[in-house]
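# Chains, contacts and geometry: an overview
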Amino acid sequence: EGNAVTQDSDSQHADRQDDEGQDAEGGQLDEGAVKDVHMVPGRTQAHKNVWKFQDNDFDGDLHLFPADLIDDIVHNTNLYALQKGRENLAVTREEMQIFLGINMVMGYIRYPRARMYWSSEDGLHLRLIANAMSVNRYDQILGYLHFVDNYTCQPANTDRLFKVRPVLCALQETFKAAADPEEFQSIDEQIIPFKGLLSIKQYIPKKPKPWGMKVWVRAGTSGYMYRFEVYQGSARRERVSWLGMAGDVVMRLCDDIKHKNHKVFFDNYFCSIPLIEALKDCGIYGAGTCRANRLKGANQKLKSEWQLKEEGRGACSVVSDNANITVTHWLNSLAIHMASSCPGHVQRPFSVALYNQHMGGVDLVDQCVAMYPHRCRKKRWYIRMNLLLFKASVAHALINAGSLQQSRRGRPSATPPPVKRKAVTKVPREVRFGTGNHWPQLTETKYICMQCCVPLCPGCFVNFHTACV
């Protein structure tokens, strides 16, 4: 059992893929024909507002991007520009707040190309972005954006997330501080889609997005993410305990909710009887589908699958130990094992009802993130950033905060002045290159083409009206 659990994550997925997407041990279960409405917890918990900040709370929106984090990004961006020979970049905190806010707006107002937000065409120009920062300044900051000093990386450092580690650590803290933890939470894996060159990229065929970075996530029933851990493969793996690699992931993700009466749910990739026991010793109740080889002999005291099939759909067999950990063998569309330290057995096993109701938190996180992804394509993988009202609120807070502080302090002398936009008149090709009265006409201050009605100097007439072959 220990050897099976401590295998590398990639090899374990070969077993797990048979369960994903089916009414089996790896996913949410069919609720069955029998339902006791008095025993199933109310759905109001799933829609509970867990935020510590009220709606339209300006400080609450900025809480996700603390000033220390912004200052670190500004420092390392200017430092990287200096190392590359750009001495006059001089990014300020206000500009970085505006830059981050613009990127969030681009996540829910999507254009095919980034420069279209600054377009002079009617229907494309977006004032929220264009009035906050010029396109050239945006490109400058994006080109030199850095989160750490590259020269501080030691040769023995095996952290593959070294260049974004400060941001990940800051987000871990702000995610925990911004919301009160819910009673019911779930742990599952999440895939951040990515097909570029990256050493930590994973391939899971049966996922909707099979290529990408794998992240272990602890989320509430509401879909709010409390903790996360990016999987870096076997090269970065820490020492594995007797719980196995998957069990260690659960224990690390739950280290901040000990002895607070929380209920955590997970699928058969993580679940085992030793893990349930370890969580209970920490004051955390756990429940999940479990593979037969992880039941510590409990399956020998349960009815076999063929015995349950003789009794018909809905039949189950339940055993408990002295620590009040319950193992249920239940026949629905398929026979499954449930291990739990909190719920027991009713007409339909209560552990199954509770699992169905609260296991989908991480899937809800995936659904929300996929609604408004950031589509900017860059060579550096961590710049490809991935909720509408939430992202809009945070984006407006960042842009407004940066603009307000700039107006109060006055624009720093090292910051380039705003670029004056020139009015551009586009002439249709049929008019520009067609026959007609293309003659220069002198107005009060300049020459214009009588046919195209655009200002042109006499020396430019031929080039302007000649199509490139």
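Everything quoted here is computed from the prediction, not taken from an experiment.

Moving on to the overall build of the protein chain. A count of helical and extended segments in the protein chain gives 16 helices and 11 strands. Relative to its full complement of 469 residues, the protein chain shows a buried share of 48%.

Describing an aromatic ring pair means giving the distance of the ring centres and the angle of the ring planes. Under the criterion given, the structure shown has 13 aromatic pairs. For the pair Trp216 and Tyr231, a centre-to-centre distance of 5.9 Å together with 70° between the ring planes defines the contact as edge-to-face. Separated by 15 residues along the polypeptide, Trp216 in strand β3 (residues 211–220) and Tyr231 in the loop between β4 (225–230) and α9 (244–253) bring together distant segments of the chain. Pairwise contacts between aromatic rings join Phe175, Tyr224, Tyr226 and Phe228 into one cluster. Sitting over the face of the ring of Tyr231, Lys214 holds its NZ or CZ atom 4.6 Å from the ring centroid.

As a packed pair, helix α4 (residues 67–83) and helix α5 (residues 93–108) sit with axes 9 Å apart at the nearest point and diverge in direction by 100°. Regarding the angle of α4 to α5, the classification is roughly perpendicular. Along its contact with α4, which presents Ala67, Ile70, Asp71, Ile73, Val74 and Thr77, the element α5 presents Arg93, Met96, Gln97 and Leu100. Residues that form the contact of α4 with α5 fall into these classes: six nonpolar, two polar and two charged.

In this section: the nonpolar core. For soluble globular proteins, the rule of thumb is that nonpolar side chains tend to be buried together. With 60 residues, the main nonpolar core has Met96, Phe99, Ile102 and Trp118 as its most contacted residues. Of all the secondary-structure elements, those providing two or more residues to this core are α4, α5, α6 (127–130), α7 (135–144), α8 (165–178), β3, β4 and α14 (388–409). Among the elements that take part in this core, α5 stands out by supplying nine residues, more than any other. Mapped onto the domain boundaries, this core takes at least three residues apiece from domain 1 (67–144) and domain 2 (179–399). Aside from chain neighbours lying at most four places away, what touches Phe99 is Met133, Tyr138, Ile141, Leu142 and Leu145. One finds Ile187, Trp216, Met251 and Cys271 within the second-largest nonpolar core, a separate group that totals 32 residues.

Within the fold, Asn76 resides in helix α4. For the pair formed by Asn76 and Phe147, sequence separation is 71 residues and the distance between their alpha carbons is 5.6 Å. When near neighbours in sequence (up to four residues on either side) are disregarded, Asn76 contacts His146, Phe147, Val148 and Asp149. From its side chain, Asn76 meets the backbone nitrogen of Asp149 in a polar contact 3.2 Å long.

This brings us to the packing of α4 against α7. Interaxial distance between α4 and α7 falls to 9 Å at its minimum, and their mutual angle equals 85°. Relative to α7, α4 is oriented roughly perpendicular. Within the contact between the two elements, α4 uses Thr77, Tyr80 and Ala81 and α7 uses Ile141, Gly143 and Tyr144. In terms of residue class, the contact of α4 with α7 is made up of four nonpolar, two polar and no charged.

Moving on: α7. For an α-helix, 3.6 residues make a turn, and residues three or four places apart therefore share a direction. Three or more residues of α7 are buried, namely Val135, Arg137, Tyr138, Ile141, Leu142 and Tyr144. The secondary structure elements touched by the buried residues of α7 are α4 and α5.

The backbone phi angle of Asn324 is positive, close to 65°, even though this residue is not glycine. You can see Asn324 is positioned in the loop between β7 (316–320) and β8 (326–331). On the accessibility criterion, Asn324 (48% relative accessible area) is partly exposed. Despite not being glycine, Cys453 shows a phi value in the positive range, around 60°. Its location among the elements puts Cys453 in the loop between β11 (447–449) and α16 (461–464). Exposure remark for Cys453: the relative accessible area of 53% places this residue in the exposed category.

Here we take up the pattern of salt bridges. Side chains that differ in sign of charge can pair as their charged atoms come close. Summed over all chains, the structure comprises 14 salt bridges. A salt bridge links Arg93 to Asp71, with the shortest nitrogen-to-oxygen separation between them at 2.8 Å. You can see Arg93 sitting in helix α5 and its partner Asp71 sitting in helix α4, a full 22 residues away along the chain. Lys207 serves as the salt-bridge partner of Glu189, at 3.4 Å between the closest nitrogen and oxygen. Linking Glu189 in strand β1 (residues 184–193) with Lys207 in the loop between β2 (201–203) and β3, this pair joins segments that are 18 residues apart in sequence. When salt bridges with common partners are traced through the structure, they connect Arg218, Arg227, Asp255 and Asp256 into a single cluster.

What counts, and at which threshold
- Residues numbered from 1 in each chain as written.
- Predicted model: local features only at pLDDT ≥ 70, side-chain atom pairs only at ≥ 80, totals over all residues.
- Heavy atoms only, no water.
- Helix = DSSP H or I, 4+ residues; strand = E, 2+ residues; numbered from the N terminus.
- Buried < 20%, exposed > 50% of the residue type's maximum accessible area, 1.4 Å probe, protein only.
- Phe/Tyr/Trp six-rings, centres within 6.5 Å; stacked < 30°, edge-to-face > 60°.
- Lys NZ or Arg CZ within 6 Å of the ring centre and 35° of its normal.
- Axes fitted to C-alpha atoms, helices over the stretch in contact; angles between N-to-C directions.
- Parallel < 35°, antiparallel > 145°, perpendicular 65-115°, else oblique.
- Contact = heavy atoms within 4.5 Å.
- Nonpolar A, V, L, I, M, F, W, Y, C, P; charged D, E, K, R; others polar.
- Core = buried A, V, L, I, M, F, W, Y, C linked by side-chain atoms within 4.5 Å.
- Domains from an automatic or database assignment.
- Polar contact = N/O pair within 3.5 Å; in protein donor to acceptor, adjacent residues only side chain to side chain.
- Salt bridge = Lys/Arg side-chain N within 4 Å of Asp/Glu carboxyl O.

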